[in-house]
Amino acid sequence: MTDTPSTRSSLPVLGELSPFARIAVTATVAISVVAIVLDFGLHADPTILFVVAAVGILGLAWVVGLSTERLGAVTGPQVGGVINATFGNIAELIIAFFALQAGLIDVVKASLTGSIVGNLLLVLGVSVLVGGVRNGTQRFSEQIAGSNAALLVVALLGLFVPAVFAFSSADRSRGTLTEQSVLVAVLLILGYVLALVFQFRHPTETLGGHEAAAGHGGPAWSTPTAVAVLLVAAVFLTVLSEILVGAIEPFIARFGFSEFFVGVILIPTIGNLAEHLVAVQLAFKNKMEFAMAVCYGSSLQVALFVAPVLVLIGVGIGRPMDLVFEPLEVAAVGAAVGISALIAMDGESNWLEGALLTIVYVILAVSFFELV
Amino acid sequence: MTDTPSTRSSLPVLGELSPFARIAVTATVAISVVAIVLDFGLHADPTILFVVAAVGILGLAWVVGLSTERLGAVTGPQVGGVINATFGNIAELIIAFFALQAGLIDVVKASLTGSIVGNLLLVLGVSVLVGGVRNGTQRFSEQIAGSNAALLVVALLGLFVPAVFAFSSADRSRGTLTEQSVLVAVLLILGYVLALVFQFRHPTETLGGHEAAAGHGGPAWSTPTAVAVLLVAAVFLTVLSEILVGAIEPFIARFGFSEFFVGVILIPTIGNLAEHLVAVQLAFKNKMEFAMAVCYGSSLQVALFVAPVLVLIGVGIGRPMDLVFEPLEVAAVGAAVGISALIAMDGESNWLEGALLTIVYVILAVSFFELV
Amino acid sequence: MTDTPSTRSSLPVLGELSPFARIAVTATVAISVVAIVLDFGLHADPTILFVVAAVGILGLAWVVGLSTERLGAVTGPQVGGVINATFGNIAELIIAFFALQAGLIDVVKASLTGSIVGNLLLVLGVSVLVGGVRNGTQRFSEQIAGSNAALLVVALLGLFVPAVFAFSSADRSRGTLTEQSVLVAVLLILGYVLALVFQFRHPTETLGGHEAAAGHGGPAWSTPTAVAVLLVAAVFLTVLSEILVGAIEPFIARFGFSEFFVGVILIPTIGNLAEHLVAVQLAFKNKMEFAMAVCYGSSLQVALFVAPVLVLIGVGIGRPMDLVFEPLEVAAVGAAVGISALIAMDGESNWLEGALLTIVYVILAVSFFELV
């Protein structure tokens, strides 16, 4: 099994890695291959497939992060910012694409809100908690955190307009919800392009937060190696995402989870865990504003890029997805954004704030599990 | 047509104006007279009447602004503040009065929320965008912007209490919605009087934002000239507002707009455009906190003065209007206030924030047009 | 009547008090005894019982405050913080316990939200108003106010999750609302314990706000005297709360109030008035951040301690109470928290803000009275 071309090509790659990273990359490749064999060779049990594919995706998202980090360091902050903004949520986007194709539209929509809520409550909460236990009360620039929070709120307002109109309007005459969602998606993508232009012109302002990691710049790969790693990881990501999505429905049926629970809690955790660990690590190193920027930046990408792109793809592949989220989703995201903005605004954080944010996430997760 | 008494009386007036202003004032008077002739003389097509009256009102609101600015400069900041607070939303108030009299109660209520949303998303957005493109990241006193935002939120909470109660309460026993709205209106006007007292005592704090323009003090008119201009403009405003309102229903029928769209988007734009240009101009000159104060101050006047006065007038003229806004209106205003407060709080703004605010306004306008 | 053991035992106690406090303590004891005699001896009219018991509870809550303040001064800020956090809302907790036992579950839930709204609109409003009239524009540390506000928002998000899920979810499968509320209650109490740990470790940060009063440290009682006063006052509180609760239903029937009005407006005023006066006094002395900390701290205790403890007690005594509040309650509390956070964030306050907060509270109270 270790003789497949992909693992062979990764051998020179491993030389530049720390011992831990070497093991992790090797394990990721091994698990990915196992998942593929289990699915196409052995037609294994869906639960096993779901778990193995999920673990593989976790690793692959982290490998994608390594290579984009390296490419960002090589190409400078301006091009690097665009690369990071494009590949930052790639795992999430690919999983959502297959789920959309499979007609799991509610899972896709739930995973979008789950990703935002997870970033703003769980990741921010654990970061603030770990950072506060390690470093005491942490002070940080309100400017960086605050302007990221403001952008995020504006982006989410736009994203949720169709949902709010859908609750309220009784008599619709001129258009349909999907038409409106397509219009909104185009406007949101316009906002995303403007945000990229802004970042390209002001590379020192940590808008999307991904420059945060620029400090160490990733492993010392050559540019071709980094591109090759990125491509190989993306191919594996695609295959494993298809396996994962194919196993969702039997997995749900087996354990009696709701599609909502899987979409809001499980999928975003699988797609984002690698990025989450970066934020926690930054908080541990007392770089709180960078940790916050990762959380906000990732949420901003979901609102301005992942969600509207999925609307357009959905129309393209004949699986139209509107942006009409459930009231519960709007409420959860609204609350998560409000509290994280508030915590950013006061310019300091302590472990109690982190613990309470995490508790709110647990309360939400328990409630989604119990009641929906 | 140029021989009517009003244009003759304005001739000495023109001498003190810049060449551009002279043309604008002359054009405004000409258009106003055209509108009157078209309506009373020629019984012209309602669409033409609507457009001509709207253009005339835009100009007249600007002329009112010139004369109150001058009166404010002559009488000092204390009396000037009261004059500005009284005449600042005069066009809006007069239009709403005639619409109320014509029984277009939904248009009136929609125009109140549209005015607030327009101020806080479109005007603020364009101001921040223009200011940011011209001046880069703009920093401003969080104190002035923040305390204006806080006052505005309090005022809007009061204004929206009847709507929230109306969504929720099932069994009403003691009073009616109109009774409650009258009580609320009286309390809001009490708040307005207190705000005027505050402004009278602390004229240097830019509460309503109208002192912003005190820098240049308007054209060098004598006090009697300024009063005469104000009175003449107000008379024209009244006549043109009546013409505009009379043309609303045929205009709606012709183009298939909803009353909601006209109320939320068109009417507030007509009534407020002059004030909007002031805000954009201030942002262009890098006076961001004054631009924000204009946006907040104008919204504050709508919540504490225009809306409650219309409730009382409605009861007086037998067209009772309650303050039970649509959920969509409450959500739109709540979102607009939240985001503008957030942008004020972080003490700096850049063109991206402005662009995103404007995009959110466009998303809202498109949605009102498409769906309601 | 003045010969009962309790008054005799309080005589040495009175020596350490100011003349005014001596009269107030004596009157409180006298009124408490009158209430007991009226109820058990004379079976008096419920309206009279309600009023006399309410006045007695007002006084007893203040006496409890005196003794915990003294115990806090004696034991140091760490133990003192825990004592204050435990006894700060004791009157409210005892009244709610009896109301729960009597099956008045809606009154109990309404009193929880009413307590929070009262703290954040009425008490904060009157404090800011009085402080602003006396001291002009008041500036204060945004840090203390801001971090208290952030904690409060997190706590309330947790508290309101069950209500939001209850609005939204149609098909519930795994659990019941009460099960979910018990889980949430346990997690909130975990948050409360963490908050106490935080306060114990960082006694100088005025988390709960009760250190505010540490300046004067209460009357110069010995520790045994303070403990004795606390116990005697608690016993009286218990008896009078039972009397008060027993009189609620006839009282409501007599005046035609709704249970909602009594729960949201009357009960919290009776249970909290003593604490309210402390906040107003602090604002008057220009200690605005302490006044705010009292308001936030008291609300935080309701959300993290009083409400979840009542859920657990309810299950224990066979009167299960869920945390599914009315939409109106969630909206009122959400608005109150939002505006008070905003006022805390801008770092200064003036009498106009206080007046408008108070007006919003009056609008809410009038609306509850009129419509619900």
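In this text, all values refer to a predicted model and were calculated from it rather than measured experimentally. (Residues numbered from 1 in each chain as written. Chains lettered and ligands numbered in written order. Predicted model: local features only at pLDDT ≥ 70, side-chain atom pairs only at ≥ 80, totals over all residues. Heavy atoms only, no water.)

Draft legend 1. Just the relation of the copies chain C and chain A, in detail. Of the two same-sequence chains, chain C is brought onto chain A (RMSD 0.1 Å, axial shift 0.1 Å) by a rotation of 120°. When the rotation and shift are considered jointly, the pair of chain copies conforms to a three-fold rotation axis. When C-alpha positions in chain C are compared against the rotation axis, the closest is assigned to Met345 of chain C, at 4.6 Å. (Least-squares fit on C-alpha atoms with pLDDT ≥ 70 in both.)

Draft legend 2. Focus on the relation of the copies chain B and chain A. Mapping chain B onto chain A calls for a screw motion: a turn of 120° about the axis and a shift of 0.1 Å along it, with 0.1 Å RMSD after fitting. Little of the interface of chain B is mirrored in chain A, where only 3% of its interface residues are also at the interface. (Contact = heavy atoms within 4.5 Å.)

Draft legend 3. Examining the interface of chain B and chain A more closely. Chain B puts 34 residues into the contact, and the matching count from chain A is 39 residues. For the pair chain B and chain A, the summed buried area comes to about 3,200 Å², and 75% of that belongs to carbon and sulfur atoms. At the surface where chain B touches chain A, the tally comes to 1 residue pair in polar contact (both at pLDDT 80 or more). Elements supplying a minimum of two residues to the side of chain B that touches chain A: helix 12 (327-345) and helix 13 (351-371) of chain B. A total of 17 residues in the side of chain B that touches chain A trace back to one element, the largest contributor, which is helix 13 of chain B. Residues that form the side of chain B that touches chain A fall into these classes: 25 nonpolar, 5 polar and 4 charged. (Buried area = accessible area lost by both parts, 1.4 Å probe. Polar contact = N/O pair within 3.5 Å; in protein donor to acceptor, adjacent residues only side chain to side chain. Helix = DSSP H or I, 4+ residues; strand = E, 2+ residues; numbered from the N terminus. Nonpolar A, V, L, I, M, F, W, Y, C, P; charged D, E, K, R; others polar.)

Draft legend 4. Layout of the side chain of Thr358 of chain C. One can find Thr358 of chain C in helix 13 (residues 351-371). Beyond its immediate sequence surroundings of up to four residues, Thr358 of chain C is in contact with Leu121, Leu122, Gly125 and Val126 of chain C.

Draft legend 5. Local environment of the pattern of salt bridges. All names here are of chain C. Evaluation of the coordinates by the stated rule reveals 9 salt bridges over all chains. In this structure, Arg254 and Asp45 form a salt bridge, with 3.4 Å as the shortest nitrogen-oxygen distance. In this pair, Arg254 is assigned in helix 9 (residues 223-255) and Asp45 in the loop between helix 3 (19-41) and helix 4 (46-87), connecting sequence segments 209 residues apart. (Salt bridge = Lys/Arg side-chain N within 4 Å of Asp/Glu carboxyl O.)

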